[in-house]
Amino acid sequence: MLVSALLTSVGINSGLCVLFFVLYSILRKQPVNIDVYAPRALAEGNYKRSSRFNLDRLLPSPGWVKRAWSPSEEQILSSASLDAVVFLRIIIFSLRIFLFAGIIGIFVLLPVNCSGNNLEEFDFSSLSSYSLDVFSISNIKNGSKRLWVHFCAVYLVTVFVCFQLHYEYNYIALKRVAYFYSTRPQPHQFTILVRSIPVPSGFSVSDSVETFFREYYPSTYLSHVTVHHTNNLRKLVNDAKKLYKKVTKLQSQPDKKKYRREHCWGLCGRKVDLVDKYQKKLEDVEEKVRAKQSEASLAREELRAAFVSFKSRYDAAIAFHLQQSINPTRWVTEQAPEPRDVYWPFFSATFFRRWISKLVVIVACILLTVLFLIPVFIVQGLTNLDQLEVLFPFLKSILSITFVSEVITGYLPSLILQLFLKAIPPVMRLLTCIQGYISFSEIDKSACSKVLWFTIWNIFFANVLSGSVLNQISILLEPKNIPSKLAVAVPAQASFFIAYVVTSGWTSTASELFRIIPLICSLVQKPFVDDSEEEFEAPAIGYHKDIPRLCFFGLLGITYFFLAPLILPFLLIYFCLAYIIYRNQFLNVYDPKYETGGRFWTIVHNSTIFSLVLMHILAVGIFTLKSVSLASTLVFPLPVLTLLFNEYCRKRFLPIFIANNVESLIKKDREDKNDPVMPEFLNNLVTAYQDPALLPTHYSSNTNSHTAPLLSSAEV
């Protein structure tokens, strides 16, 4: 790729970013867009719509940047979550690394690369006509002593990255412990999930759980809630809740229009009273709900799983860590998620179905990976104009136009790849949902790992192999040749990945602020949907799509900083944009749906270790190709030391992210003994894990003792 093509891509994406910023600063001031740009305030009832016109609404302003920048980390922790704080710490961590690497890369390595003459002499007067390879390590002659500068840079950055990893791991671990001490008693701290419950003849699951824990935990056992088949019931309960909120909202607004035509989104048909219409629907749905709840109760449709609660955190931890039975496949225990985090459909799947589902997901991921190679090959074809002219001779005249060729080679490939990649996170999350995870947080964490490794393989390795060594796929079958093959292939794709950072990084992050899809959906729905008829809920951030992007750009920066340091300024701009934009989104847009206590950091740590080892492999290969065998030999200790450092971190910090320690549990339990709210909390704990679909419904005005649900509110 020529410098002119890169400048074209930078110009197009910079223009889009400026456009998104200007439109956002204007549209966010319009009261009609509050549900798009400040849904948290709307959902919490903290926003009052103003009908007064103000000229300032039509003028762009950077005031949102100051408001996003000013809150402290503690304020973000209290208003968002610890996961949000850790997400921002990931960006800060990346900024520190690439600021350090950028100083070395731009002020040391880049001049060294440009001063080489392996490819061509460097002349500023014809900068735009140069290939980007002039700025890479490829421009240094074989055996040159200048390569020792790159060798020293590899060592310096490795040490600095490991230091930052240790610092952040320690910082987030301490934050996690401090967060545990600062929170009020939470149901999941006192509860475990028990599965594979054996049921003797003549007993129910509830009876079996009660008998077992009364016998073996007589002084610490508090209560339990068994899980029922409620898949069919859950949809009816949700419909009842929505109808109830519609009726309540209409009744609370006496001057609101309460009549609407029946058909075609209210455009034709006879007028009906909305309150009466929804009230009748609510009564019908509520009747069906009670019937289904009664069936579930009478038929004893219990699953062999139960949430078991204890009188203290320490007691719950003991039950979780101990094997409950001689047969380890019975009375299997695991930590309970937060009540709001429970993924209830999981329980309706049998063990065999979950086992089959895992195999199906593995096969589906492999097929998806193979199919995604098609757009990768298309993209790599676009980066090679000569190949395009051979395949499509009729385009030769168009491709000869300078601007067209620059757009096709510099902007279009990364745009196409980004559009295809947009579909991967939701698909991976959908596949993960059927794997058998008990909580939304576990689903997102697993989907996050899947998306990350999918991205690394299909965007990094597939582009590298298809773009430069298409006929050498056998590289994976020749491990000894991997360093040398990658050393040739990876630098050759530096220009593509620089353009990818600009397109996928800058523009995607700016579009995150602009929220173009929610804006379009809101504008389309508003003429047909009455705000009073729908319950509004603020969206949750998709960690499974945003964290893999941060990690992937981290991998690109670490692997390319000594090969093609020109990528570093573009990465720094991306992380700066991401930091301020995501601060704004956490404060105004995203509402946390669960709290993992920063467990996503472990994915980032593992990804960074992988990036370091990959950089070392590339360094070994590139120094070997450049005939600096001593440098290649001296790099060998780095991956070993990096993996040893990773093992140290696993022993030192990872246990803090898996479970709470005895010291913290007992200390917190002792503090709770003097807390006057604990008796009430333990009483409420009895129903904390009641399936929402089985809770009594008392929405319509016709509820009485004859129509009340037969299922009790809790089983203890």
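Notes on the structure in this doc start here.

1. Description of the overall build of the chain
Of the regular secondary structure elements, the chain holds 30 helices and six strands. A buried classification covers 51% of the 716 residues belonging to the chain. The contacts of the chain with a sequence gap of at least 6 include a subset with a gap of at least 24, amounting to 83%. Surface accessibility of the chain: about 33600 Å² in total, with carbon and sulfur atoms responsible for 63%.

2. Observations regarding empty space enclosed by the protein
Considering all chains together, one arrives at three cavities of 30 Å³ or more under this definition. When its volume is computed, the largest cavity comes out at roughly 110 Å³. Around the largest cavity sit 14 residues that line it, and Phe 93, Ser 94, Cys 551, Gly 554 and Thr 608 are the ones nearest its centre. Elements with a minimum of two residues in the lining of the largest cavity: helix H6 (82-115), helix H23 (543-560) and helix H25 (601-625).

3. Observations concerning the nonpolar core
Core analysis: the largest hydrophobic core is formed by 137 residues, its most contacted members being Leu 556 and Phe 562. Ranked by residues supplied to this core, first place goes to H6 with 19 residues. Setting aside chain neighbours within four positions, we find Phe 562 in contact with Leu 109, Ile 137, His 150, Val 154, Met 615, Leu 618, Ala 619 and Ile 622.

4. A closer look at the packing of helix H7 (residues 147-182) against helix H27 (residues 637-652)
Following both chains from N to C, one finds H7 and H27 inclined at 5°, their axes separated by 11 Å at the closest point. Viewed along their axes, H7 and H27 adopt a mutual orientation that is roughly parallel. Side by side, H7 and H27 meet where Val 154, Tyr 155, Thr 158, Cys 162, Leu 165, His 166, Tyr 169 and Asn 170 of the first sit next to Pro 637, Leu 638, Thr 642, Phe 645, Tyr 648, Cys 649 and Arg 652 of the second. A class-by-class count of the residues in the contact of H7 with H27 yields 10 nonpolar, four polar and one charged.

5. Focus: the sheet that holds strand E2 (residues 221-228)
With antiparallel pairing, the four strands of this open sheet are ordered in space as E2-E5-E1-E6. Of all strands in the sheet, those bounded by a partner on one side alone are E2 and strand E6 (332-335). For this sheet the average axis-to-axis angle between neighbouring strands, irrespective of direction, equals 30°. Relative to E6, strand E1 (residues 191-195) runs antiparallel, the two sharing four bridges. The residue of E6 that forms the bridge with Leu 193 is Glu 334.

6. Digging into the pattern of salt bridges
Applying the stated criterion to the full structure yields 16 salt bridges. Ionic pairing is found between Lys 593 and Glu 537, a salt bridge with its closest N-O pair at 3.2 Å. Taken together, the positions of Lys 593 in the loop between helix H24 (567-588) and H25 and Glu 537 in the loop between helix H22 (516-525) and H23 put the pair 56 residues apart, joining distant regions of the chain. Given the relative accessible area of 53%, Glu 537 is considered exposed. A salt bridge links Lys 545 to Asp 546; the nearest nitrogen and oxygen atoms lie 3.4 Å apart. It is possible to trace a salt-bridge network through shared partners that takes in Glu 73, Glu 74, Arg 89, Arg 96, Glu 168 and Lys 175.

7. Considering the environment of Leu 132
Inspection of the secondary structure puts Leu 132 in the loop between H6 and H7. Sequence-wise, Leu 132 and Phe 496 are 364 residues apart; in three dimensions their C-alpha atoms are separated by 9.8 Å.

8. Structural notes on a nonpolar patch on the surface
On the surface, Phe 352, Trp 355, Ile 356, Leu 359, Val 360, Ile 362, Ile 366, Val 370 and Ile 434 cluster together into a nonpolar patch covering about 840 Å² of accessible area. When you line up the elements, Val 370 lands in helix H12 (residues 351-371).

9. Looking at the pairing of strand E5 (residues 302-310)
Here E5 lies mainly inside the structure; eight of its nine residues are buried. Bridge count between E1 and E5: five bridges; the pairing is antiparallel. For Ile 192, the partnering residue across the bridge sits in E5 and is Val 308. Here six bridges tie E2 to E5, and the two strands are oriented antiparallel to one another. The residue bridging His 224 from the neighbouring strand is Val 308, located in E5.

10. Looking at the side chain of Thr 183
Relative to the helices and strands, Thr 183 resides in the loop between H7 and E1. One polar contact links the side chain of Thr 183 to the main-chain carbonyl oxygen of Phe 180, over a distance of 3.1 Å. When residues no more than four places from it in sequence are discounted, the contact partners of Thr 183 are Gln 189 and Lys 668.

11. Overview of unusual backbone geometry
Although it is not a glycine, Trp 331 adopts a positive phi angle of roughly 50°. Summarising the element assignment, Trp 331 is placed in the loop between helix H11 (313-321) and E6. Overall, Trp 331 belongs to the buried group, its relative accessible area being 7%. The backbone phi angle of Arg 515 is positive, close to 55°, even though this residue is not glycine. Mapped onto the secondary structure, Arg 515 falls in the loop between helix H21 (494-514) and H22. Under the relative-accessibility criterion, Arg 515 is labelled buried at 11%.

12. Re the state of the cysteines
A full pass over the atoms with the stated rule returns zero disulfides. No disulfide involves Cys 551; its sulfur sits 6.4 Å from the nearest other cysteine sulfur, which is in Cys 448.

13. Re the packing of aromatic side chains
Enumeration according to the criterion identifies 49 aromatic pairs in this entry. Each ring, one from Trp 148 and one from Phe 151, has its centre 5.2 Å from the other, and the planes form 75°; the classification is edge-to-face. Of the two residues, Trp 148 and Phe 151 are both situated in helix H7; the distance of three residues between them amounts to about one turn of the helix. Assessed through its relative accessible area of 10%, Phe 151 is described here as buried. Both rings, one in Phe 553 and one in Tyr 574, keep their centres 4.6 Å apart while their planes meet at 70°; by these two values the pair is edge-to-face. Highlighted residues: Phe 553 in helix H23 and Tyr 574 in helix H24, separated in sequence by 21 residues. There is no split in this pair, since Phe 553 and Tyr 574 are both buried. Three or more aromatic residues joined by ring pairs form one cluster here, namely Phe 98, Trp 457, Phe 460, Phe 461, Phe 496, Phe 497, Tyr 500, Phe 552, Phe 553, Tyr 560, Tyr 574 and Phe 575. Its end group placed over the ring of Tyr 171, Arg 89 keeps NZ or CZ at 4.0 Å from the ring centre. It is Lys 667 that lies over the ring of Tyr 181; its NZ or CZ is 5.0 Å from the centre.

Parameters at a glance
- Residues numbered from 1 in each chain as written.
- Predicted model: local features only at pLDDT ≥ 70, side-chain atom pairs only at ≥ 80, totals over all residues.
- Heavy atoms only, no water.
- Helix = DSSP H or I, 4+ residues; strand = E, 2+ residues; numbered from the N terminus.
- Buried < 20%, exposed > 50% of the residue type's maximum accessible area, 1.4 Å probe, protein only.
- Contact = heavy atoms within 4.5 Å.
- Areas by Shrake-Rupley, 256 points an atom, 1.4 Å probe, with all protein chains shown as cover.
- 1 Å grid on protein atoms, 1.4 Å probe; cavity = no way out; pocket = protein on both sides within 12 Å on 5 of 7 lines; lining within 4 Å.
- Points joined across faces, edges and corners; volume = space filled by probe spheres on them.
- Core = buried A, V, L, I, M, F, W, Y, C linked by side-chain atoms within 4.5 Å.
- Axes fitted to C-alpha atoms, helices over the stretch in contact; angles between N-to-C directions.
- Parallel < 35°, antiparallel > 145°, perpendicular 65-115°, else oblique.
- Nonpolar A, V, L, I, M, F, W, Y, C, P; charged D, E, K, R; others polar.
- Pairing = 2+ DSSP bridges.
- Salt bridge = Lys/Arg side-chain N within 4 Å of Asp/Glu carboxyl O.
- Patch = residues over 30% accessible without salt bridge, like charges linked within 9 Å, V, L, I, M, F, W, Y side chains within 5 Å.
- Polar contact = N/O pair within 3.5 Å; in protein donor to acceptor, adjacent residues only side chain to side chain.
- Disulfide = S-S within 2.5 Å.
- Phe/Tyr/Trp six-rings, centres within 6.5 Å; stacked < 30°, edge-to-face > 60°.
- Lys NZ or Arg CZ within 6 Å of the ring centre and 35° of its normal.

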